[in-house]
Amino acid sequence: MKKPKIGLALGSGSARGMSHIGVIRALHSMGIKPDVVAGCSVGSLVGASYATDNLDKLEDWAMSMSESKIRQFLSLNINASGFVNALKLQELFENTIGLKSLTFNDMTKPFAAVATNLSTGKEVWLKEGSVHEALWSSMAFPGLFPSVRKENDWLVDGGLVNPVPVSLCRALGADKVIAVNLNADIINSYEIIEQDNPNNSETSEIKKSNNTEINLWEKTKAGFHKAINMVSSDGSKIQEPKSIDVISNSIHIMSSHLTRSRLAGEPPDVLLQPRLTDVGLLQLYKAKPCIAEGKACVERMAEEIKFRIQNN
């Protein structure tokens, strides 16, 4: 009997996406090596790194992140092109991970990313040409990164239309699809935790950086307040921008509901949902516990994965 082609659909989720690395590592430990990969937003970054044999480089970069390093990528951008210094971040990816010069033909396995057409609201499947352009189109999170022009269209984050691209994975030829949803617990993840529960050792490593995250955003918002004192060309005061928290939380809540709907209509053979309640939008300095939870998620589902994937 012909061996089924296994697909891996890596969902959107900002800093939570580092858990995808742990998922891939754990699947390999089980002897499961996906034949095709589809990614959305940060899932496209991890997927492309995996499909070009650069996953080790991405993991090393993620593990080196600290709060101070992340702050270097934040910028007060009053022209609304993005809250993150995209050029600086792109240069880091180019130098560290080495994806800029690659094309889809350079992939060691079939890979595609999903983005959103800003004019039509339709999803766009990116599977040819520059990998670099495809990734930044898929990751153009509104309010964080600037949209990307492709011919006569503007593309933004694929999470707006297809947060976990199971359909794209099957279009690439997958017979069995393992999907990773990072938005399962997103709606309950925005409460400020005053104090860790000392009895909850399972999530203490992720939660212990919560105060650091609050400090980071307080410092960032302080920069926004400084903008109020700036004067525009017509002499009027510049209105304070909307909180980035409101933007990101609103989009993530929408993505959570959209994910449930899409997965109900396009169910994968295996659905993995890492427990990442306390990982915020740009908390890349939590890469270690995220990767660990990705591995743990696979281990919790090991028997089900074997049954669904390895049995024809």
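> Would you take a moment to explain the overall build of the protein for this structure?
From N to C terminus, the protein includes 12 helices and 8 strands. Out of the 312 residues belonging to the protein, those deemed buried represent 51%. The contacts in the protein between residues at least 6 apart in sequence include a share of 79% that link residues at least 24 apart. As presented, the protein carries roughly 14800 Å² of accessible surface, and 49% of it is formed by carbon and sulfur atoms.

> For this particular structure, what's the right way to read the environment of Gly159?
Among the structural elements, Gly159 can be located in the loop between strand S6 (153-157) and helix H7 (166-171). Gly159 sits in the buried class, given a relative accessible area of 3%. Separated by 119 residues in sequence, Gly159 and Cys40 place their C-alpha atoms 6.3 Å apart. Those residues in contact with Gly159, other than ones at most four positions away along the chain, are Ser12, Cys40, Ser255 and Leu258.

> Can you walk me through the packing of helix H2 (residues 42-51) against helix H6 (residues 131-138) in this structure?
Each pair of packed helices gets described by two things: the angle between the helix axes and the distance between those axes. Axis separation between H2 and H6 bottoms out at 8 Å; the angle between their running directions is 155°. As summarised for this structure, H2 and H6 are arranged roughly antiparallel, according to the angle between their axes. When the axes of H2 and H6 are compared, the crossing they make is right-handed. The segment H2 lies against H6, with Ser44, Leu45 and Ala48 engaging Val131, Leu135 and Ser138. Within the contact of H2 with H6, the residues separate by chemical class into 4 nonpolar, 2 polar and no charged.

> Mind showing me how you'd approach the pattern of salt bridges here?
Two side chains carrying opposite charge are able to pair once their charged atoms lie near each other. Applying the stated criterion across every chain, the model contains 9 salt bridges. For Asp185, the salt bridge goes to Arg16, with nearest N and O atoms at 3.0 Å. Here Arg16 lies in the loop between strand S1 (6-10) and helix H1 (19-29) and Asp185 lies in the loop between strand S7 (176-180) and helix H8 (204-207), a separation of 169 residues in the sequence. Of the charged contacts in the structure, one is a salt bridge between Asp269 and Arg170, with a shortest N-O distance of 3.3 Å. On the criterion of sequence distance, the pair formed by Asp269 in the loop between helix H10 (244-265) and strand S8 (270-272) and Arg170 in helix H7 is long-range, its members being 99 residues apart. For Asp269, a relative accessible area of 27% gives the class partly exposed. Among the ionic contacts, a cluster of salt bridges with common partners joins Arg25, Asp56 and Glu59.

> Please explain the packing of aromatic side chains as it appears in this structure.
Two aromatic rings, taken as a pair, are described by how far apart their centres are and by the angle between their planes. What the rule picks out here adds up to 1 aromatic pair. Each ring, one from Phe104 and one from Phe111, has its centre 5.9 Å from the other, and the planes form 15°; the classification is stacked. Like Phe104, the residue Phe111 is buried in the burial classification.

> Would you take a moment to explain H1 for this structure?
In terms of burial, H1 is a largely internal element, 8 of the 11 residues being buried. Among the residues making up H1, those that are buried are Ser19, His20, Ile21, Gly22, Val23, Ile24, Ala26 and Leu27. Gly31 sits one or two residues past H1 and shows a positive phi near 85°.

> Would you mind showing me how to read helix H12 (residues 302-310) here?
In an α-helix, one turn spans 3.6 residues; hence positions three or four apart end up facing the same way. Those residues of H12 lying buried are Ala302, Ile305 and Ile309. One side of H12 carries all its buried residues, which in axial view fall inside an arc of 55°. For H12, the elements touching its buried residues are S1, H1, S7, S8 and helix H11 (287-300).

> Explanation requested: the confidence of the model for the protein in the structure shown.
When pLDDT is low, close inspection of the predicted coordinates is not appropriate. Confidence in the prediction of the protein, expressed as mean pLDDT, is 79, and 71% of residues score 70 or more. Below a pLDDT of 50 lies the segment residues 189-217, which in the model reaches 43 contacts outside its immediate sequence neighbourhood of four places, other chains included. Every residue in residues 219-242 is under pLDDT 50, and counting partners more than four places away or in other chains gives 23 contacts.

Criteria and cut-off values
- Residues numbered from 1 in each chain as written.
- Predicted model: local features only at pLDDT ≥ 70, side-chain atom pairs only at ≥ 80, totals over all residues.
- Heavy atoms only, no water.
- Helix = DSSP H or I, 4+ residues; strand = E, 2+ residues; numbered from the N terminus.
- Buried < 20%, exposed > 50% of the residue type's maximum accessible area, 1.4 Å probe, protein only.
- Contact = heavy atoms within 4.5 Å.
- Areas by Shrake-Rupley, 256 points an atom, 1.4 Å probe, with all protein chains shown as cover.
- Axes fitted to C-alpha atoms, helices over the stretch in contact; angles between N-to-C directions.
- Parallel < 35°, antiparallel > 145°, perpendicular 65-115°, else oblique.
- Left-handed = near helix turned anticlockwise from the far one by under 90°.
- Nonpolar A, V, L, I, M, F, W, Y, C, P; charged D, E, K, R; others polar.
- Salt bridge = Lys/Arg side-chain N within 4 Å of Asp/Glu carboxyl O.
- Phe/Tyr/Trp six-rings, centres within 6.5 Å; stacked < 30°, edge-to-face > 60°.
- Arc of directions from axis to C-beta.
- pLDDT = per-residue confidence, 0-100.

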